[in-house]
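Residues per chain are reported as follows:
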Amino acid sequence: MYKQMGMVKVVGLVLHPRRDCGSAIDAITRWAQRRDVTVLGLHEEIDRIDCQAEAVSPEEMVERAGLLVSLGGDGTMLRTMRLVEGRKTPVLGVNVGRLGFLAEVDLPDLPEALSAIDEHRFTIESRTAVRTVLPDGKAVSAFNDIAMVRVPGDGLAAIGISVEGKNFVNYQADAVIVSTPTGSTAYSFSAGGPIVSPNVEGLIVTAAAAHSSFNRPLMLALTERLELDVLATSGRLAIEVDGIIEGYARPDDRLAIEPVPSAANVIRLGGTSFYERARRKLRVEGSAQVGVPDSADAVVVDSFERQRYEVLLGGEVAGVLNYRRHGEKIELMHTEIEQTFSGRGLASRLASAALEDARGRATPVVVSCPFVIGYLDRHPEYADLLSQS
């Protein structure tokens, strides 16, 4: 595990292609200006927004940056990790928009995270990648998974799994997924695979909707040679690399899978463990809990140590409204509801509870959260709470 990181003088930004990253970029550029740190961005991403980052090519960013910051969701994080594959450059993931699984911090926690990096209060977690060469000769790599997926109308995926040069089992399925521990909570999990700690060194092979008598996942050591053979009875297969179709395979094609240990390094600040993130993202429930909690039973609490209001359902955090206090004022910054609980009116519950709390404390309110701005338009009875300066 790579543990040492000197003073960061150049930071590279990788942005979600559609989400608004403006407030995150502003926080990073303010931090960088105070420390005489250069901020880089990719041409195609920085050119569409107004910011002070220097636009560069991917090659130049990777060469110059001592730290990469991924602003977006899990897809942006995976893209950033692929960008620095094989280098020791650490990656900090920041959730912008939906609650992500791979990122380390939510948007309101970014300034504190940057300070922690300044003060070396973090650890580095290495991540395994998988590589293969497609039938057309193209080399690809993934940090979640490489999957061979049936093409609708072309028949099942019939794939032989060979370990150390010898056939172990043949799957007939909708897809066969080779996953890293990082990707164990993605496609592999939806196909019935296990949740695997990213600290484990190994690969998981999972069949999705298996039609063969053997349908169990396999766990292989990184040192064991793995090959996937497309059998004569198979239909044409799409090859997905971290969820993106990169090519196709036909009967008699073979994919040799090469694991790449420590292919990327992810910054961890110790705020949450892997299992807390898994529980939050995958909605892992205790065995004693039955059914879906009624939204009428939702409770909103002020988690003041984390500077956010939380709406709880069945004891689980279903959504948050982040805030920041500025002297006597409170700024309502960002509302986020877990995808599992969307459409139940929980964001409105958060907004009304936060505004009622401000009224009870006689606290002027500043609103930068788009959802709360819209809520205030629909509920003018709260207009008197807004700060006039």
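No experiment lies behind these values; they were computed from the predicted model shown.

Student: If you had to explain the overall build of the chain to someone new, which residues and values would you point to?
Tutor: Tallying secondary structure elements over the chain gives nine helices and 23 strands in all. Relative to its length of 389 residues, the chain is compact, with a C-alpha radius of gyration of 23 Å against a globular reference of 21 Å. Counting only C-alpha atoms, the chain reaches 70 × 50 × 35 Å along its principal axes. Expressed as a percentage of the 389 residues in the chain, the buried residues total 51%. Considering only contacts within the chain whose residues lie at least 6 apart along the sequence, 62% involve residues at least 24 apart.

Student: Would you mind going over the packing of aromatic side chains in detail, with residue names and values included?
Tutor: Per the stated rule, a full pass over the model turns up five aromatic pairs. With centroids separated by 6.1 Å and ring planes inclined at 35°, the aromatic side chains of Tyr171 and Phe214 adopt a geometry described as tilted. Taken as a pair, Tyr171 in strand β11 (residues 166–173) and Phe214 in the loop between β13 (203–208) and β14 (218–220) lie far apart in primary sequence, 43 residues in all. Owing to a relative accessible area of 0%, Tyr171 belongs among the buried residues under this scheme. On the numbers, 4.9 Å between centres and 75° between planes, the contact of Phe274 with Tyr275 is edge-to-face. In textbook terms, an aromatic cluster arises when at least three aromatic residues are bridged by ring pairs, as seen for Phe168, Tyr171 and Phe214. For the cation-ring pair, Arg236 lies above Tyr248, with the distance from its terminal atom to the ring centre recorded as 4.6 Å. Geometry around Phe371 places Arg378 over its ring, the cationic atom sitting 5.8 Å from the centre.

Student: Tell me about the packing of helix α1 (residues 22–34) against helix α5 (residues 110–118), residues and numbers included.
Tutor: It is at 10 Å that the axes of α1 and α5 come closest, and there the two elements cross at 35°. Here α1 and α5 pass one another in a crossing that is right-handed. Contacts from Ala24, Ala27, Ile28 and Trp31 of α1 reach α5 at Leu110, Pro111, Leu114, Ser115 and Asp118. Residues belonging to the contact of α1 with α5 are distributed by class as follows: seven nonpolar, one polar and one charged.

Student: Run through the pattern of salt bridges, naming residues and quoting values.
Tutor: Evaluation of the coordinates by the stated rule reveals 21 salt bridges. When the shortest N-O distance is used, the salt bridge between Asp154 and Arg236 registers 3.2 Å. Linking Asp154 in the loop between β9 (145–150) and β10 (157–163) with Arg236 in the loop between β15 (226–230) and β16 (237–241), this pair joins segments that are 82 residues apart in sequence. When salt bridges that share partners are traced, they join Glu104, Glu125, Arg127 and Arg268 into one network.

Student: Break down the sheet that holds β16 for me, with residues and values.
Tutor: Spatial strand order, β14-β13-β12-β9-β16-β17: six strands in an open sheet with antiparallel pairing. Each edge of the open sheet is held by one strand with a lone partner, namely β14 and β17 (244–249). Strand after strand, the sheet turns through a mean of 20° between neighbouring axes, direction not considered.

Student: Tell me about helix α4 (residues 74–83), and name the residues and values.
Tutor: Since one α-helical turn is 3.6 residues long, residues separated by three or four positions face the same way. Within the sequence span of α4, burial applies to Thr76, Met77, Leu78, Thr80 and Met81. Elements that come into contact with the buried residues of α4 comprise β1 (10–15), β4 (67–72), β5 (90–95), β7 (123–133) and β18 (254–268).

Student: Break down the nonpolar core for me, citing the residues and quoting the values.
Tutor: Ranked by internal contacts, the top residues of the largest apolar core, which has 31 residues, are Val69, Leu71 and Leu92. Among the secondary structure elements, those contributing two or more residues to this core are β1, α1, β4, β5 and α5. If you tally residues by element for this core, the top one is α1, at six residues. If near-sequence neighbours (up to four positions away) are discounted, Val69 is found in contact with Val11, Gly12, Leu13, Val14, Ile28, Leu92 and Val94. Leu134, Ala173, Val176 and Ile239 belong to the second-largest nonpolar core, a separate cluster that totals 30 residues.

What counts as what
- Residues numbered from 1 in each chain as written.
- Predicted model: local features only at pLDDT ≥ 70, side-chain atom pairs only at ≥ 80, totals over all residues.
- Heavy atoms only, no water.
- Helix = DSSP H or I, 4+ residues; strand = E, 2+ residues; numbered from the N terminus.
- Rg over C-alpha atoms; globule rule 2.2 N^0.38 Å.
- Buried < 20%, exposed > 50% of the residue type's maximum accessible area, 1.4 Å probe, protein only.
- Contact = heavy atoms within 4.5 Å.
- Phe/Tyr/Trp six-rings, centres within 6.5 Å; stacked < 30°, edge-to-face > 60°.
- Lys NZ or Arg CZ within 6 Å of the ring centre and 35° of its normal.
- Axes fitted to C-alpha atoms, helices over the stretch in contact; angles between N-to-C directions.
- Left-handed = near helix turned anticlockwise from the far one by under 90°.
- Nonpolar A, V, L, I, M, F, W, Y, C, P; charged D, E, K, R; others polar.
- Salt bridge = Lys/Arg side-chain N within 4 Å of Asp/Glu carboxyl O.
- Pairing = 2+ DSSP bridges.
- Core = buried A, V, L, I, M, F, W, Y, C linked by side-chain atoms within 4.5 Å.

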